[in-house]
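Given next are the chains, with one letter for each unit.
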Amino acid sequence: MEEDCKPLLSSVRTGESYCHRGSTDSLDSKAKRPFHVEPKNIVEDAPQERVSAEAAILNSRVHYYGRLTGSSDRLLSPPDHVIPRPEEIYIYSPLGTAFKVTGGDHSSKNPSIVTIFAIWNTMMGTSILSIPWGIKQAGFTLGILILSSMALLMLYCCYRVLKSPKSIPYVDTSDWEFPDVCKYYFGKFGQWSSLVFSMVSLVGAMVVYWVLMSNFLYNTGQFIFNYAHNISVSDSVFGTNGSEKVICPSHNAEHKDNYSIGGYSPGVANGNDTSDVAVFGRWWNKTDTIPFYLIILLLPLLNFRSASFFARFTFFGTISVVYLIMLVTLKAIRLGFHLEFHWFESTQFYVAEFRLLFPQLTGVLTLAFFIHNCIITLMKNNRHQENNVRDLSVAYLLVGLTYLYVGVLIFAAFPAPLLSKDCIEPNFLDNFPSSDVLVFVARTCLLFQMTSVYPLLGYLVRVQIMGQIFGNHYPSFFHVLSLNIVIVGAGVLMARFYPNIGSIIRYSGATCGLALVFVFPALVHMISLKRQGELRWPSALFHSLLILLGVANVIAQFFM
């Protein structure tokens, strides 16, 4: 029996197995098509129906190809004309009965509207919280221009990534991802460098998540404690007065001797024992204790063998973004617009329209518009492949409008001259006190969403690293635990000593964008055109400028 399962020809490929090349490869419908077996009774409307003779012949051919080589060898895999047609494919039980497959692959595809919002939902991450801060760093006018330009630039580079597999002649690239394309053109260097820079984006996102989860957990606990003990935030917190209170945490940090450790004073007790407040403040601290509390919750979740359970909660991301948009709209209506235009020089309460700190915004936007490492997979599920470019463009338009809407409204509504526009925080929710009920709901939703998404990100990191190094996504519990400790440790250290999500996002965004957004897509396109004899100097000049922009974007982050 064992000999019947062995291929007649040994695999001619070397290296890792096809199934270990990446987590998305296992989702390919071609590699998972059901094979035809011997004709049996079919469980359908007519139990006496028999499998057609043509289908039985195709079944023999499939078995023939299966005997030639192992399933990991794509060279001698059954061609499309050998695979039975959808109407001739059946799923067979061990008892010999068969259920007809209805719909085929086409029914599993998504319409354009679903594909567009899938891209929108994937790109809408934590960067949206830093867009107002980025606009403040660049200046209001320049920030809007940069956001619009970066959206177009990132869209074009993403388009080049999407088209890159089709530019390779005489090779079946239907199941390729962009790292496979990089390997084809640049060898092992391209494969490993694309993996490393992809890891930078994933690990950077996990570090940002840890900082934000520490922030949200701290403010959520602060709200509950103040409410339970009837404590109100005192006027010692620097900010505006009235029902719509806006605060300036950076001002409190500069005068921290007048405030409690861990941000701002939790409030003055109204008839309660102030020692309870002191004890709570000592054990519930944004940087000293909360990042370590999260280890108890999240480290065990990272060690799960499968992340399918957490994937069920990804819809909370859409709910959180929609609620954030509603919250921003409501705050802007209540606060009103506060704008003054000073083109090149900042004043006490207003920033200049054009500032030299604009590379900080470009770094944030590189990660905010980053989807290049998974766009090929997302577009494979589009029902109408001829509309891929259109759907991708519409998705980028929606993402850009969402970022522009949130960034412009928060910046314009920030109450100057009561507060300086320079008080806008890298996480704009920090400009609202923990006692704000609407912001409390937003923080709670985002906390739950990030708690469920964080293990998914850890799973993606583990699959790519372990699959490349060991050829197994879960080599052992010790290997997985060691990797997770390193990742969690990075998040704890950043949340403890450098909890600035704006800077973390811009550094990781500029770094991963250097390779996966600017360098590799441009080089792949130029090499492909050169091999076809179609490379012209305008195209070579434009794509060379793209590479220089990516390099300049990284270098500028270290001088701002």
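Above: the structure in question.
Conventions we followed
- Residues numbered from 1 in each chain as written.
- Predicted model: local features only at pLDDT ≥ 70, side-chain atom pairs only at ≥ 80, totals over all residues.
- Heavy atoms only, no water.
- Helix = DSSP H or I, 4+ residues; strand = E, 2+ residues; numbered from the N terminus.
- Buried < 20%, exposed > 50% of the residue type's maximum accessible area, 1.4 Å probe, protein only.
- Contact = heavy atoms within 4.5 Å.
- Areas by Shrake-Rupley, 256 points an atom, 1.4 Å probe, with all protein chains shown as cover.
- Expected span 1.5 Å × (residues − 1).
- Polar contact = N/O pair within 3.5 Å; in protein donor to acceptor, adjacent residues only side chain to side chain.
- Disulfide = S-S within 2.5 Å.
- Phe/Tyr/Trp six-rings, centres within 6.5 Å; stacked < 30°, edge-to-face > 60°.
- Lys NZ or Arg CZ within 6 Å of the ring centre and 35° of its normal.

Visitor: Give me the lowdown on the overall build of the protein chain, citing residues and values where you can.
Guide: In terms of helices and strands, the protein chain carries 17 helices and four strands. Residues counted as buried form 49% of the 560 residues belonging to the protein chain. Considering only residue pairs separated by 6 or more positions, the protein chain has 79% of its internal contacts joining residues 24 or more positions apart. Split by element, the accessible area of the protein chain, about 26800 Å² in all, is 66% carbon and sulfur.

Visitor: Please give an account of helix α14 (residues 437-470) that cites residues and values.
Guide: It helps to recall that an α-helix has 3.6 residues per turn; residues three or four apart then point in one direction. Along its 34 residues, α14 runs 49 Å from first to last C-alpha, staying within 8% of the 50 Å computed at 1.5 Å per residue. Regarding α14, its N-cap is Asp436, as a side-chain oxygen of that residue lies 3.1 Å from the backbone nitrogen of Leu438 further along. Immediately beyond the C-terminal end of α14, within one or two residues, lies Gly471, with a positive phi of roughly 70 degrees.

Visitor: If you had to explain the side chain of Thr402 to someone new, which residues and values would you point to?
Guide: When you line up the elements, Thr402 lands in helix α13 (residues 388-413). Thr402 gets classed as buried once you look at its relative accessible area, which sits at 10%. A distance of 2.7 Å separates a polar side-chain atom of Thr402 from the backbone oxygen of Leu398. Apart from the residues within four sequence positions on either side, Thr402 is in contact with Trp120, Met124, Ile128 and Ile325.

Visitor: So what's going on with the state of the cysteines? Which residues, and what values?
Guide: Linking two cysteines covalently via their sulfur atoms produces the bond known as a disulfide. For the coordinates displayed, the defined rule picks out one disulfide. Note that Cys248 is cross-linked by a disulfide to Cys423, the S-S spacing being 2.1 Å. Across the disulfide from Cys248 to Cys423, rotation about the S-S bond amounts to roughly -80 degrees, and the bridge is consequently left-handed. One end of the pair, Cys248, is in the loop between β3 (231-232) and α6 (249-254); the other, Cys423, is in the loop between α13 and α14, and 175 residues separate them in sequence. Judged by relative accessible area, which is 1%, Cys248 ranks as buried.

Visitor: Tell me what's going on with the packing of aromatic side chains, and back it up with residues and numbers.
Guide: Tallying each qualifying case throughout the model produces 21 aromatic pairs. Their ring planes at 40 degrees and their centres at 6.4 Å tell us that Tyr156 and Tyr159 sit as a pair that is tilted. One end of the pair, Tyr156, and the other, Tyr159, are both in helix α4 (residues 140-163), three residues apart, so they sit about a helical turn from each other. Exposure remark for Tyr159: the relative accessible area of 26% places this residue in the partly exposed category. Centre to centre, the rings of Trp343 and Phe354 are 6.3 Å apart; their planes meet at 35 degrees, and the pair counts as tilted. Placement of Trp343 in the loop between α10 (315-335) and α11 (359-368) and of Phe354 in the loop between α10 and α11 is noted, with a sequence separation of 11 residues between them. Among the aromatic residues, those joined into a ring-pair cluster are Phe140, Phe341, Trp343, Phe344, Phe354 and Phe411. A cation over an aromatic ring shows up here: Arg305 above the ring of Tyr474, its NZ or CZ 4.1 Å from the ring centre.

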